[in-house]
Each structure stands twice: as C-alpha cells, then as structure tokens.
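Overview (structure and organization)
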Amino acid sequence: MRGSEREYDQAGVELIGPSDRVADAEVVALLADALRACGLATAEIDVGHAGVLDGFLDEVTGVARDDARDRARAGDLVSLLEIVRAAGLAPARVGQLRDAFRHRGPLAPFAEGRDQLPPRSASAVGELLELAELLEAAGVSLPVRYDLGLVAPLGYYTGITFQAIAPGLGSAIASGGRYDGLLARFGTDRAATGFGIAVPHLHQALVATGQVAIDDAPLVTLEGGTPSHTLRVAAALRGAGVSVAIGAVAESAGRPVVALRVIDGTRVERDGLVTPVADIAADLASVPDRREDRG
Amino acid sequence: MRGALRIALAQGVILPDTLKALAAVGLPVDGLTGHRRLLVRADGIEYVLARPQDVATYVAHGAAELGIVGRDVLLESDEDVIELVDLGYGVCRFVVAAPAGSLDRSLEAYQHLGSLEVATKYPRVAERHFQRRGIQVELIKLSGAVELAPQVGLSDWIVDLVSTGRTLRENGLEVVEEIATCSARLIANRVAYARERQRIAELADRLEAWAGSRP
C-alpha cells in the first residue's frame, strides 16, 4: 500500500481571521469540494476536535499531562490511558476517555451525555454539533464522519480537526484544522483554520479508484521536410499550443499521434492533403482537454 | 477496500498466545497452524504471518489493517500506528544493565570522560532513553549476545530486552534502570482505524475483555 513518502508536495488553504464555526464549515466543505472536483468520490472526511482530549487532560497535573498528550499524538492509546490512570484521573473519567476515543459516527450518543464530560471536552462536542448542523445545511460533497478519537500528530491544533481518507491508502490524503494559537507565536495573533492536501496521496487514491490522468491532446510528428522548414513548422505549431515531436516517436504515452509531412515552412501534408500550417494549428489546438470536464 | 480485515501476526515466541487470544474472542485460527502458508483467509479475516519488525511496517503502511506484535518491537521500529489494546502476554522489559558492583566506578568514569559506552541491539530505544535522562552515551550497535559486551571491554553498559533476568545474572550483570515494560499489543493502521472503526473497536473491546479476565 502506498502513501508513506518522507517528503511530498502539498496543496492547501488557510482561512485567517474568523474563529467561528462558519469558517470551520467553509474549509471542511471546501476540502470535500476540492477532492470531488479532482474526481475522487470515494473519500470520507473524518472530523474531530482537539478539545476532546484537552478536557480530560485538564484534570491531570504535572508531567503526566505532557506525557499523555505525547502518547495520544503518537497513537499509543494504551499508554495514554495508563498514564492518566496512574496520574489519578477518576476511573469514570478514564472510561469516558476510552469510549470517546473509540467513537466514530453520529454525534448523538455523546451529545446527549455531554454535560457529564469534562468542561472543555463538553464544549468541544458542542462545537462539533454546531459544525454538523452547518455542514448539513450547506451540503457537503463527501460523507462526513465525526471521530472523537482523531488526534492530529501535529500539536498546534486548538479546535476542529479533520482528515480526508479513502480506500486503498494507508495514510490520510489531506488533513487540517483550527490552529488559533499558532500565528501569535510568529507575531500576529489571528485565528486560523486550513488544510493541506498531500498531492501524491490524492493521485494514489485516484489511481486506486481506477482513474488515471487523461491526456487526449494529440502528439504531432513531423517528417520529410528540410531541417529549417521542419523547425519553422514545429515552432508555429508549438506556438499554438500543440505538442510536436520531430521524427517518429517511440512512445506516445497513450496520446493519439498525428503524422504530418513537411512541404515547406508554411505548409504540411496530412492524410494526402496539403494544408497550411495555420489551419492545422487551429484544428489541433481546439481538441478539448478532457481533464477540464471532470468532477 | 478489501471486505476482509487483514491482521498481521508476529511470528515467534508470542504467536501461540496470539492464537489463543484470537480463538478466545471467537476468531477462526484453525488455518494458521501446521503448515507454512503466510497468508491465510478465514471467514471475513485474512491473516498475514510476518516477522515481528515487519508487522509494524505492514500496519503503518496500510498493507494490513491490524497487527499483533510486542511493544518492544513498536518502540524500536518507531512506525506510525495506533496502539489499541495491551494483550498482557509476551511480557519483557527494556533495561539498562552494568557489570554487578560497577555502578559507582562507571559513574566516576562518566564524570571524567563525559560519556559512557553502551552496547545494544536497540539503538532507538537506548538513544531516546539516555536523551531523556540527559546522559551522554556512545552507542555501539550489536546484533546479538549483547550481555558479553561489558565482559570483553566493548562497553560500560548495555541496553537489552530481558524477560526473567537470568541471562543478565549468568553474565555478571545487574539492572541499573528499567526503561519500559513491554507486552503484546493490538495495533491498527491510522486510516483503517477511522474507516473501519466499528469493526475494529468491537474486536478491540473483546480482546481487552479477554486480556482483563486473565490472572
């Protein structure tokens, strides 16, 4: 399975300024739309909240709090529960934390009992409920699942967090969330939320659905003319946006090949007909690129 | 996504207990014994038998949704997986050990030299430990028989994995410090844990109940 490179290209969005749920809803919906527009219909958006864990850790003191947070980020839920239990978190709380981390799906079961949760966890669930309502109203182009056990490996998230996942990929395609404290550390105190799409993972997810990049634009080959005529014709066609190879091509990469015979610097022969290069250029440059129509 | 959950199982000392655990929670394990196949399908589950180190790799990359492997392997491999359940068997400890009675002398040597030599098969675990302690060490990576290193003058201390501690004693070593206690873990791929939460959480609950019910 793919999706675990050490370094990759990212494409992302940051929404700086607003700190309300409308902004959170906007970025989540935008991520879904962006993936959808790339032709990925199999993805799901997993939404959680950094405050769920923070609420429980508020009731733990000292180094145990940092240790517990480290272990949660590392995905070590066994040690997370061991540490908070050893640090004196009430058994009922440990049970709640365990159950919260196993919960993914509708928010209802947790929404009902949220008064019983630690204050910050309760308000995190409250924010998720608001978000759910907004996303429902807005209509999101991919399924959204609420995941109370979603802990981002990066530590700067302060609110709603999310990731996009898809079949056939062992890592998230995109991840993001609210990071209201981060920009202040660089001198400007602004609320912010956003996401990054791991572009290679997106391609891998698309390939896993059977989709491959379609390039219908023809490849023109030029033969038979003098070198100077051939170069002039090639320049004219390339100037019009047509891909040109001089001589035969060994591998057309799946693109249709149009073979032209160069008569002189302005005319070529195509299928036995002598035609001005300008007409050929107009004709071939107008072949639509199907990539534009996807989505 | 495959319909079946794929579970990577660590071969070796913990496998018999792993099979016991899986059978106890009602998973089919008959096909897993008595032959040399490494990929076994049974009733909505697919098992991969792999070397312990590779179990963590399979799961981190999503080639298996779940895995059962010792925490010792996870600590040394540093793969990104979710650790869900402590299964309780395969208990062992990472320890720092030194020749019996040599602790004072090696601390004096440390003051003089500013560094200690530590032999180990587990450089990541050792490095993290001494970094956290703020102790400067020179790690010497060995592939086996680490308890020999102090006797032949290769290192001052060792970091090793012990279960009873007998090998240490037989080689004149004593535990200076315990780094971590390890046992078998149920692990999950991060994305699989999200996508297949219900199935995985349900299996985790059953395994946790089984582990909790053992003496």
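Residues numbered from 1 in each chain as written. Chains lettered and ligands numbered in written order. Predicted model: local features only at pLDDT ≥ 70, side-chain atom pairs only at ≥ 80, totals over all residues. Heavy atoms only, no water.

1. Considering the interface of chain A and chain B
On the side of chain B, 26 residues touch chain A, which itself brings 30 residues to the contact. Between R98(A) and D205(B) there is a salt bridge; the shortest N-O distance is 2.6 Å. Counting every contact that joins chain A to chain B gives 14 residue pairs in polar contact (both at pLDDT 80 or more). For the side of chain A that touches chain B, the secondary-structure elements that each account for two or more residues are β2 (44–49), α4 (77–86), α5 (91–102) and β5 (160–165) of chain A. (Contact = heavy atoms within 4.5 Å. Salt bridge = Lys/Arg side-chain N within 4 Å of Asp/Glu carboxyl O. Polar contact = N/O pair within 3.5 Å; in protein donor to acceptor, adjacent residues only side chain to side chain. Helix = DSSP H or I, 4+ residues; strand = E, 2+ residues; numbered from the N terminus.)

2. Structural notes on empty space enclosed by the protein
Taken as a whole and assessed by the stated rule, the structure comprises 2 cavities of 30 Å³ or more. Volume-wise, the largest cavity comes out at about 70 Å³. Lining the largest cavity are L77(A), L80(A), L81(A), L97(A), R98(A), F101(A), R102(A), L84(B), Y193(B) and E208(B). Ranked by residues supplied to the lining of the largest cavity, first place goes to α5(A) with 4 residues. (1 Å grid on protein atoms, 1.4 Å probe; cavity = no way out; pocket = protein on both sides within 12 Å on 5 of 7 lines; lining within 4 Å. Points joined across faces, edges and corners; volume = space filled by probe spheres on them.)

3. A word on the layout of surface pockets
Residue and element names in this part refer to chain B. Taken as a whole, the second largest pocket encloses approximately 730 Å³ of empty space. Taken together, 31 residues make up the lining of the second largest pocket; nearest its centre are V13, D72, C92, Y122 and L161. Secondary-structure elements contributing two or more residues to the lining of the second largest pocket are α2 (52–61), α3 (71–77), β9 (157–162) and α6 (166–170). In this structure, the lining of the second largest pocket is formed jointly by two domains, domain 1 (5–91 + 183–212) and domain 2 (92–180), each of which donates at least three residues. (Domains from an automatic or database assignment.)

4. Overview of the domain arrangement of chain A
Its domain assignment divides chain A into domain 1 (10–208) and domain 2 (219–286). Of note, the centres of domain 1 of chain A and domain 2 of chain A, computed from C-alpha atoms alone, are 54 Å apart.

5. Describing the sheet that holds strand β3 (residues 45–50) of chain B
In spatial order, the strands read β2-β3-β1-β4-β11-β5 (chain B); together these 6 strands make up an open sheet with mixed pairing. Each edge of the open sheet is held by one strand with a lone partner, namely β2 (39–42) and β5 (82–86) of chain B. Pairs of neighbouring strands in the sheet enclose a mean axial angle of 25 degrees, with direction left out of account. Examined bridge by bridge, β2(B) and β3(B) share 4 bridges and lie antiparallel to one another. Looking at β3(B), one finds that V40(B) is bridged to Y47(B). The sheet contacts of α4(A) involve β5 and β11 (184–188) of chain B, and relative to β5(B) the element is tilted by about 60 degrees. This element, helix α1 (residues 15–24) of chain B, spans β1 (5–10), β3 and β4 (66–70) of chain B of the sheet and lies at about 145 degrees to β1(B). (Pairing = 2+ DSSP bridges. Axes fitted to C-alpha atoms, helices over the stretch in contact; angles between N-to-C directions.)

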